[in-house]
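Now for the letters of each chain:
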Amino acid sequence: MVEEERNVKIHVENLHKSYGKSEVIKGISTDVYEGEVVVVIGPSGSGKSTFLRCLNGLEEITSGKVIVDGHNIADKKENINKIRENVGMVFQHFNLFANMNVLRNLTLAPVDLKKATKEQAKETAIEMLGRVGLAEKADELPENLSGGQKQRVAIARALCMKPDIMLFDEPTSALDPEMIGEVLQVMKQLAADGMTMVIVTHEMGFAMEVADRVLFVDAGIIMEEGTPEEVLKYPQNPRTQDFLSKVLEI
Amino acid sequence: MAQIITVYGMLLLKAMGQTLLLALLGLAFGCVLGIVFGMLSVVKNKACNIISSIYVNVIRGVPMIVLAMFVYFGVPYALNNFFHAGMTLTALQAGTICLALNCGAYMSEIIRAGIQSIDVGQMEAARSLGLTYWRGMFRVVLPQAIRNMIPSIVNQFIITLKDTSILSVIGFPELVNKAQNVIAITFKSFQVWLIVGIMYLIVILLMQQVAKALERRLNRGRRRA
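Definitions and cut-offs
- Residues numbered from 1 in each chain as written.
- Chains lettered and ligands numbered in written order.
- Predicted model: local features only at pLDDT ≥ 70, side-chain atom pairs only at ≥ 80, totals over all residues.
- Heavy atoms only, no water.
- Helix = DSSP H or I, 4+ residues; strand = E, 2+ residues; numbered from the N terminus.
- Rg over C-alpha atoms; globule rule 2.2 N^0.38 Å.
- Buried < 20%, exposed > 50% of the residue type's maximum accessible area, 1.4 Å probe, protein only.
- Contact = heavy atoms within 4.5 Å.
- Areas by Shrake-Rupley, 256 points an atom, 1.4 Å probe, with all protein chains shown as cover.
- Lys, Arg positive; Asp, Glu negative; His and termini not counted.
- Charge placed at Lys NZ, Arg CZ, Asp CG, Glu CD.
- Phe/Tyr/Trp six-rings, centres within 6.5 Å; stacked < 30°, edge-to-face > 60°.
- Lys NZ or Arg CZ within 6 Å of the ring centre and 35° of its normal.
- Pairing = 2+ DSSP bridges.
- Axes fitted to C-alpha atoms, helices over the stretch in contact; angles between N-to-C directions.
- Bend = angle between axes of the 7 residues up to and from the residue.
- Core = buried A, V, L, I, M, F, W, Y, C linked by side-chain atoms within 4.5 Å.
- 1 Å grid on protein atoms, 1.4 Å probe; cavity = no way out; pocket = protein on both sides within 12 Å on 5 of 7 lines; lining within 4 Å.
- Points joined across faces, edges and corners; volume = space filled by probe spheres on them.
- Nonpolar A, V, L, I, M, F, W, Y, C, P; charged D, E, K, R; others polar.
- Buried area = accessible area lost by both parts, 1.4 Å probe.
- Salt bridge = Lys/Arg side-chain N within 4 Å of Asp/Glu carboxyl O.
- Parallel < 35°, antiparallel > 145°, perpendicular 65-115°, else oblique.

### Considering the overall build of chain A
The helix and strand inventory of chain A stands at nine helices and 10 strands. Here chain A has a C-alpha radius of gyration of 18 Å; the compact-globule value for 250 residues is 18 Å, and the two agree. Taking the principal axes of the C-alpha coordinates as reference, chain A spans close to 50 × 50 × 40 Å. Among the 250 residues that make up chain A, the fraction classed as buried is 54%. Within chain A, counting contacts between residues at least 6 apart in sequence, those at least 24 apart form 66% of the total. In the structure as shown, chain A presents an accessible area of about 11,200 Å², 47% of it carried by carbon and sulfur atoms. Side chains of chain A carry 28 positive and 39 negative charges; the gap between the two charge centres is 6 Å.

Below you can see the structure in the form of structure tokens.
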């Protein structure tokens, strides 16, 4: 198989996550290959966001393995901060640092973590802002940006760390409809540039177009996975069929 | 009234100086305690959280006058009788300890609430970029939290300043203590308490003005940043 020659960026093995007594993730295993775009869909409360947050250790995993670029993130001997430098994350609610302007948002981590000098970081930041079409907003405070602009800045902020992997946690769910397109456009470009991406989203059209693989997660496990065609057009699992019929019928 | 001011004015002003000295010391140490215990209450460590909550609850649950008596009379008595420590506390030392313990407990709560008022997403975003907890705290969370805390902190400063009057009971020569002396001599309680009240009022109004100016400056900085 060709797949065996591809580089595994994220290896997930029998992942479990519980909050107290309630188990949210009940054994997920999958591999994300270099340059692959994996879209995770599923009903709310299915554990898909939790799954994503386990991939960079924002949620402590209960059992199982998550190996990112060869580093086991649950291993106390591994420096989780070093691993995270390589894994960008974009949140549903943007989470731009409210006390800093756009430029500072983008340069804070690279400078603080000594990945770049102030000048280099600024240069990278301007370049990334250009990529998301917001070069003129460098001096603005986050509160003065629209939702779509905030999310594009958030993507640029993650990119400033020059990550190998990008995680997206429902990046368009908090946006007004007319702003969704601009964010998806940036993500499409990123995918086209070969970024490894794991995206939790409800944008089925986007998944259809951009995903290499779609995971349908429900009740804490992967119910169905395959190409967008397989999962979204010709779902085999009744749960997937039920979910899609609810999402797509408006 | 005029006579009281001319004869005892200087004495009352000096007493106000002592009040301010005590308040300043209490606030300074109180702030340190508040920051330490406030941080202990927000970090992800059960033992730290419990230590902080015990401190806050004990201090909040004991009237300051009791705390003052305990620190000034009780503790040295116990140390000397049971351990023959030969220890004495001046009223200023005991007063500072009480005020700092008291102020620190409330400041700790203000700091905890201030930090918890900041959306957890701010810390998560910082962590997701590879920043450590403490860098995220100092770079992202605290600068925002402090802005939210300022009104409560000013309020606590004012309360602490007024609380110094309680320490008249351990004989510290602050304003209320001296006012009682003046009344003992002159029997003019209406005039003396009126003067003392006005003195407190003036100092506190001044403090509020300073705080307002500070707040304005911080907010101006925000628009520039």
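### Details of the packing of aromatic side chains
Considering all chains together, one arrives at five aromatic pairs over all chains under this definition. Clustering of aromatic rings is evident, with ring pairs tying together Tyr133, Trp134 and Phe138 of chain B. It is lysine 17 of chain A that lies over the ring of tyrosine 19 of chain A; its NZ or CZ is 4.8 Å from the centre.

### Considerations on the sheet that holds strand β7 (residues 165-169) of chain A
Residue and element names in this part refer to chain A. Taken together, six strands build an open sheet; the order of strands is β6-β7-β8-β3-β9-β10 and the sheet is mixed. Sheet topology places β6 (87-90) and β10 (221-226) at the edges, where each strand pairs with a single neighbour. The sheet shows a mean angle of 20° between the axes of neighbouring strands, direction not considered. Alignment of strand β3 (residues 37-41) against strand β9 (residues 213-218), held across four bridges, turns out to be parallel. Following the sheet pairing, isoleucine 41 is matched in β9 by phenylalanine 216. Packed on one face of the sheet, helix α6 (residues 177-192) meets β3, β7 and β8 (196-200) and runs near 145° to β8.

### Some points on helix α3 (residues 64-83) of chain B
What sets the pattern is the α-helix's 3.6 residues per turn: residues three or four places apart point alike. All names here are of chain B. Of all the bends found along α3, the most pronounced is centred on phenylalanine 70 and spans about 40°. All of the buried residues in α3 are Met64, Leu67, Ala68, Val71 and Pro76. Tucked inside the fold, the buried residues of α3 contact α2 (46-61), α4 (91-116) and α6 (133-163). At the exit of α3 stands histidine 84, carrying a positive phi of roughly 50°.

### Quick notes on the nonpolar core
Residue and element names in this part refer to chain A. Of all hydrophobic cores here, the largest spans 48 residues; its most connected members are Ile41, Leu129, Ile155, Met166, Phe168, Met187 and Met197. Of the residues forming this core, the biggest block, eight residues, is contributed by α6. Ignoring anything within four residues of it in the chain, the contact list for isoleucine 155 reads Val90, Met166, Phe168, Val183, Val186, Met187 and Leu190. Of all hydrophobic cores here, the second largest spans 39 residues; its members include Val40, Cys54, Leu55 and Ile61.

### Some details on the layout of surface pockets
By volume, the largest pocket is sized at about 1,200 Å³. Around the largest pocket sit 31 residues that line it, and Gly57 and Leu58 of chain A together with Lys44, Arg127 and Tyr133 of chain B are the ones nearest its centre. Secondary-structure elements contributing two or more residues to the lining of the largest pocket are β1 (8-19) and α2 (80-85) of chain A together with α4, α5 (120-128) and α6 of chain B. Partitioning the lining of the largest pocket into residue classes produces 16 nonpolar, three polar and 12 charged.

### A few points about the interface of chain A and chain B
Contacts between chain A and chain B engage 27 residues on the former and 20 residues on the latter. The contact between chain A and chain B buries some 2,000 Å² in all, and 52% of this surface belongs to carbon and sulfur atoms. Of all residues in chain A, the largest losses of buried area upon contact with chain B belong to Phe97, Asn99 and Asp112 of chain A, amounting jointly to 27% of the total for that side. At the boundary of chain A and chain B, one finds three salt bridges. Note that aspartate 112 of chain A is salt-bridged to arginine 139 of chain B, the shortest N-O span being 2.8 Å.

### Here we look at α5 of chain B
Within α5 of chain B, eight of the nine residues are buried, leaving the element largely enclosed by the surrounding structure. Of the positions making up α5 of chain B, those classed as buried are Gly121, Gln122, Met123, Glu124, Ala125, Ala126, Arg127 and Ser128 of chain B. Buried residues belonging to α5 of chain B abut α1 (48-54), α2, β6 and α5 (147-159) of chain A together with α6 of chain B. Immediately downstream of α5 of chain B, the backbone of glycine 130 of chain B shows phi near 105°, a positive value.

### Quick look at the environment of glutamine 185 of chain A
Residues and elements named next belong to chain A. Structurally, glutamine 185 can be placed in helix α6. Glutamine 185 gets classed as partly exposed once you look at its relative accessible area, which sits at 47%. When the C-alpha atoms of glutamine 185 and methionine 128 are compared, they prove to be 15 Å apart, with 57 residues separating the residues in sequence.

### Some thoughts on the environment of alanine 109 of chain A
Residue and element names in this part refer to chain A. As for its placement among the helices and strands, alanine 109 is situated in helix α3 (residues 102-112). We classify alanine 109 as buried; its relative accessible area is 1%. For the pair formed by alanine 109 and arginine 157, sequence separation is 48 residues and the distance between their alpha carbons is 8.7 Å.

### Some words on the packing of helix α1 (residues 2-42) of chain B against helix α7 (residues 175-186) of chain B
Residue and element names in this part refer to chain B. The N-to-C vectors of α1 and α7 enclose an angle of 155°; their axes lie 8 Å apart at closest approach. The pairing of α1 with α7 is recorded here as roughly antiparallel in orientation. Residues Tyr8, Leu11, Leu12, Ala15, Met16 and Thr19 of α1 lie in contact with α7, whose contacting residues are Leu175, Lys178, Ala179, Val182, Ile185 and Thr186.

### Looking at unusual backbone geometry
All names here are of chain A. A positive phi angle, near 55°, is found at asparagine 95, a position not held by glycine. One can find asparagine 95 in the loop between β6 and α3. Of note, the phi angle at glutamate 170 is positive, near 45°, even though the residue is not glycine. Structurally, glutamate 170 is set in the loop between β7 and α6.

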